[in-house]
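The residues making up each chain are set out below.
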Amino acid sequence: MFRALRNAWRLLRMAVSFARHDALFPLESLGIAPALIAWARLFAPRNDPRRPGERLAAALQDMGPSFIKLGQALSTRADLLSEEVAADLARLQDHIPAFPGAEARRIIESELGQPLGTIFSQFDDVPVAAASIAQVHFAVTADGRDVAVKVLRPGIAKAFERDLDLFYWVAELVERTQPRFRRLKPVESVRAFADVVRVEMDLRMEAAAAEELGENFADDPNYRTPKIDWDRTAERVMTQERVDGIPIGDRDAIIAAGHDPHEIMRKCAEAFFYQVFRDGFFHADMHGGNAFVDRQGTIVPVDFGIMGRVDEATRGYLAELLVAFLRRDYRAVAEVQFRAGYVPPDQSLETFAQACRSIGEPIFGKPSHQISIARLLAQMLRVTEQFEMTVQPQLLLLQKTMLMAEGMGTKLNPHVNIWELARPLIEDWMVTHFGPRATVGRAVDDLAQGLRRLPRLIDSLHLVAEHERRKAERDALEPPRGGRLWRPGFSETVAILALVAAIAAWWQ
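Cut-offs applied
- Residues numbered from 1 in each chain as written.
- Predicted model: local features only at pLDDT ≥ 70, side-chain atom pairs only at ≥ 80, totals over all residues.
- Heavy atoms only, no water.
- Axes fitted to C-alpha atoms, helices over the stretch in contact; angles between N-to-C directions.
- Helix = DSSP H or I, 4+ residues; strand = E, 2+ residues; numbered from the N terminus.
- Parallel < 35°, antiparallel > 145°, perpendicular 65-115°, else oblique.
- Left-handed = near helix turned anticlockwise from the far one by under 90°.
- Contact = heavy atoms within 4.5 Å.
- Nonpolar A, V, L, I, M, F, W, Y, C, P; charged D, E, K, R; others polar.
- Buried < 20%, exposed > 50% of the residue type's maximum accessible area, 1.4 Å probe, protein only.
- Pairing = 2+ DSSP bridges.
- Expected span 1.5 Å × (residues − 1).
- Arc of directions from axis to C-beta.
- Salt bridge = Lys/Arg side-chain N within 4 Å of Asp/Glu carboxyl O.
- 1 Å grid on protein atoms, 1.4 Å probe; cavity = no way out; pocket = protein on both sides within 12 Å on 5 of 7 lines; lining within 4 Å.
- Points joined across faces, edges and corners; volume = space filled by probe spheres on them.

S.K.: Just checking my understanding: could you explain the packing of helix H4 (residues 52-63) against helix H6 (residues 83-90) for this structure?
M.R.: When two helices pack together, their arrangement is given by the angle between the helix axes and the distance between those axes. At a minimum axis separation of 8 Å, H4 and H6 run at an interaxial angle of 40 degrees. The pairing of H4 with H6 is recorded here as oblique in orientation. Crossing geometry of H4 relative to H6 is assigned as right-handed. For the pair H4 and H6, the contacting residues are Pro 52, Gly 53, Glu 54, Leu 56, Ala 57 and Leu 60 in the first and Glu 84, Val 85, Asp 88 and Leu 89 in the second. Residues of the contact of H4 with H6, tallied by class, amount to six nonpolar, one polar and three charged.

See the structure below:
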C-alpha cells in the first residue's frame, strides 16, 4: 500500500511535468489513471509549435537522469510511439550540468583510499564531459601518463533505484489493466533497462567491458580500446588511457587529418559485424562522440557503460533476417520470423510475407545510400500488433545500436550504405556457421556429447535396475492382494531403461 501511494504521488508529479510541455500523450495511450491525467492536462499550454517528440524529449530532460535514459531506450520503440516521436527521442542529449571538481576529488580519494596528490600529479577540476551518470576529467598520473578519469555522480545510484521502482510499478499496472499491451512485455522491458543502468552504476563493470572488447580485437590493427588503469579504478572511479584522436562524427576534421572517410566507414562496418556476429558482445552506445580516429587511422571507442550481448541462435536469426531483406526475399524474411518463434504459428506465413514486402519495397526502392535498415526494423515493429508478435527485449539494445551505426555511417559517407559494406562478411559468416558442413559438424558434436554421457547413464541404469530387482524380490514374498496392475519385470525394466538411455544419449 505504501509503495502504491508513493508511486501514485510520483506519477502525479510526472504527469504535471509532462503536461507543462504538452507531452501527456504517452501516459494517455497507456490508459492508466485517466482521471489523474485529465487533471494534469489543466497545466498544459495551448498551441505549442513543437513536434510531439520534441515536447516529450524536453519533458524527459527536465525530469532528470533516469528519464533521459528512459527516453533514449524508448527511441527504439516505434511500436509504442510513432516513428517520428522515436526519431526525436533518439536525439535526446545525455548532457546535464557538471558537479563541482572538489566533489569529484572527494569521491576519488574515498574510493581509492589515498590523497589525490599521491594518485595524480595533475587533475583538471573542470570536466571535459558531463552526462547523467558520470563526468570525465583529464589528469596525469604520478608516473607521468595522460589519463581520463570517469567519476560517478554523487547520489545517482539511489536516485535511479527510486525512479526504477516507479517504472516497474507503472509497467505492472499496465500489464494488469491493459491486456492489449501484454505482448509488448512492459515489465520485462523495464527489467532489461534496469540491468543496463545498474551495470553503468559500477565503473568496475565498465572497465571490465572495455578490456573484454579490447581482447576480442587484440589482433585487429583497425580497432582497439583504451588501456584501463586498474590501480586507479573502483566502483565509482574509472581511469583509462587518454585517447588522442578525432571524434568519428567530425568528417571534415578526419579529411583534414589525411584519412579517407570511406575507409573509416568500412572499418566501422567491419567492427560492428565482428562485435555482433563473431563475438556476440557489442558497444551499444556508438554515437559520433563515443569513438575517435587516432593518427594511424585506428578506430578507438570510449564510454563502455552500455554493452550488449546476443547468443549464437539470435545471431543466426539476425544474419538471416538482414541478408533476406537485402536480397528482397520477403518469404525468407517471414520464414525466419516464424522459425524463431517471434510470430505465432497460427498466423499466415503468406500474409506475413506480404506485410514484410509492404515494409521493404518502399525502402529498397530508394538509392542504395538512402536505404535505412534501422527504419525498416522500426516499420516492422509497427505491424507486430496485427500478427500478435511478441516483443523481444533482448533485441531492443541492438536495434538502437544499429540506428546509431547507421547515423554514424551517413555522417562519414552519405553516398554509401554501411550495411552493404558489412553484407559480404555476414554472408560468409552464414555459410561458415549455418551451411551444410557446419550443420553436419554440429550433429557430430551433439552425438559425441551424447556418447560421453553414455557411461553415466549406464551407471544410473544399473542402480535403477538393482532397485527394481530388490523390489521384485520383496513383492514376491508378499501374499497376493486381489487383482494387481501389470508391472514390468526386471528384464523388461532393463530393456525400457536401455532404450531411454540410448535415446537420451543421441538427442542430448
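S.K.: What is the right way to look at the pairing of strand S3 (residues 134-141) in this model?
M.R.: If a strand is regular, its side chains alternate between the two faces of the sheet. Most of S3 sits out of view: six of its eight residues are buried. Pairing analysis gives three bridges linking strand S1 (residues 120-123) to S3, with the strands arranged antiparallel. Paired with Gln 122 across the strands is Val 140, a residue of S3. In this structure, the hairpin formed by strand S2 (residues 129-130) and S3 is closed by a connection of three residues. Bridge analysis of S3 against strand S4 (residues 146-152) gives seven bridges, and the strand direction is antiparallel. The partner of His 137 across the bridge, within S4, is Val 149. Connecting S3 to the next strand, S4, in antiparallel fashion are four residues, including Gly 144 with a positive phi near 90 degrees.

S.K.: Explain the side chain of Asn 7 to me, please; I cannot follow it from the model alone.
M.R.: With respect to the secondary-structure elements, Asn 7 resides in helix H1 (residues 2-20). With near-sequence residues (within four places) excluded, Asn 7 lies in contact with Asp 165, Leu 166 and Trp 169.

S.K.: Is there a simple way to explain helix H10 (residues 186-200) in this structure?
M.R.: For an α-helix the count is 3.6 residues per turn, leaving residues at separations of three or four pointing the same way. Between its terminal C-alpha atoms H10 stretches 21 Å, which fits the 21 Å expected from 15 residues at 1.5 Å a residue. Those residues of H10 lying buried are Pro 186, Val 187, Ser 189, Val 190, Phe 193, Ala 194, Val 197 and Glu 200. An end-on view of H10 places all buried positions within 155 degrees of arc, on one side of the element.

S.K.: Where do I start with the pattern of salt bridges in this structure?
M.R.: Side chains carrying opposite charge are able to pair once their charged atoms draw close together. The final tally for this structure, using the stated rule, is 33 salt bridges. With a shortest N-O distance of 4.0 Å, Arg 204 and Glu 235 are connected by a salt bridge. Taken together, the positions of Arg 204 in helix H11 (residues 203-216) and Glu 235 in the loop between H11 and strand S5 (237-241) put the pair 31 residues apart, joining distant regions of the chain. By relative accessible area, which is 39% here, Glu 235 ends up partly exposed. A salt bridge links Arg 331 to Glu 335, with the nearest nitrogen and oxygen atoms 3.2 Å apart.

S.K.: Even after reading the chapter, I still don't get the packing of helix H13 (residues 261-279) against helix H14 (residues 312-326), so can you show me in this structure?
M.R.: As a packed pair, H13 and H14 sit with axes 8 Å apart at the nearest point and diverge in direction by 130 degrees. The orientation of H13 relative to H14 falls into the category oblique. Contacts between H13 and H14 involve Val 276, Phe 277, Arg 278 and Asp 279 from the former and Arg 315, Leu 318 and Ala 319 from the latter. Across the contact of H13 with H14, the residue classes break down as four nonpolar, no polar and three charged.

S.K.: In this structure, what is going on with empty space enclosed by the protein? I would like to understand it.
M.R.: Where empty space is left can be seen by rolling a probe of water-molecule size over the atoms. Scanning the entire structure with this criterion turns up two cavities of 30 Å³ or more. Its boundaries defined by the atoms lining it, the second largest cavity holds a volume of some 130 Å³. Lining the second largest cavity we find 14 residues, and of these Cys 268, Phe 272, Gln 275, Met 286 and Met 408 sit closest to its centre. Residue assignment for the lining of the second largest cavity shows that the elements contributing at least two residues are H13, strand S7 (281-283) and helix H18 (393-412). Here the lining of the second largest cavity takes four residues from H13, the largest share from any one element.

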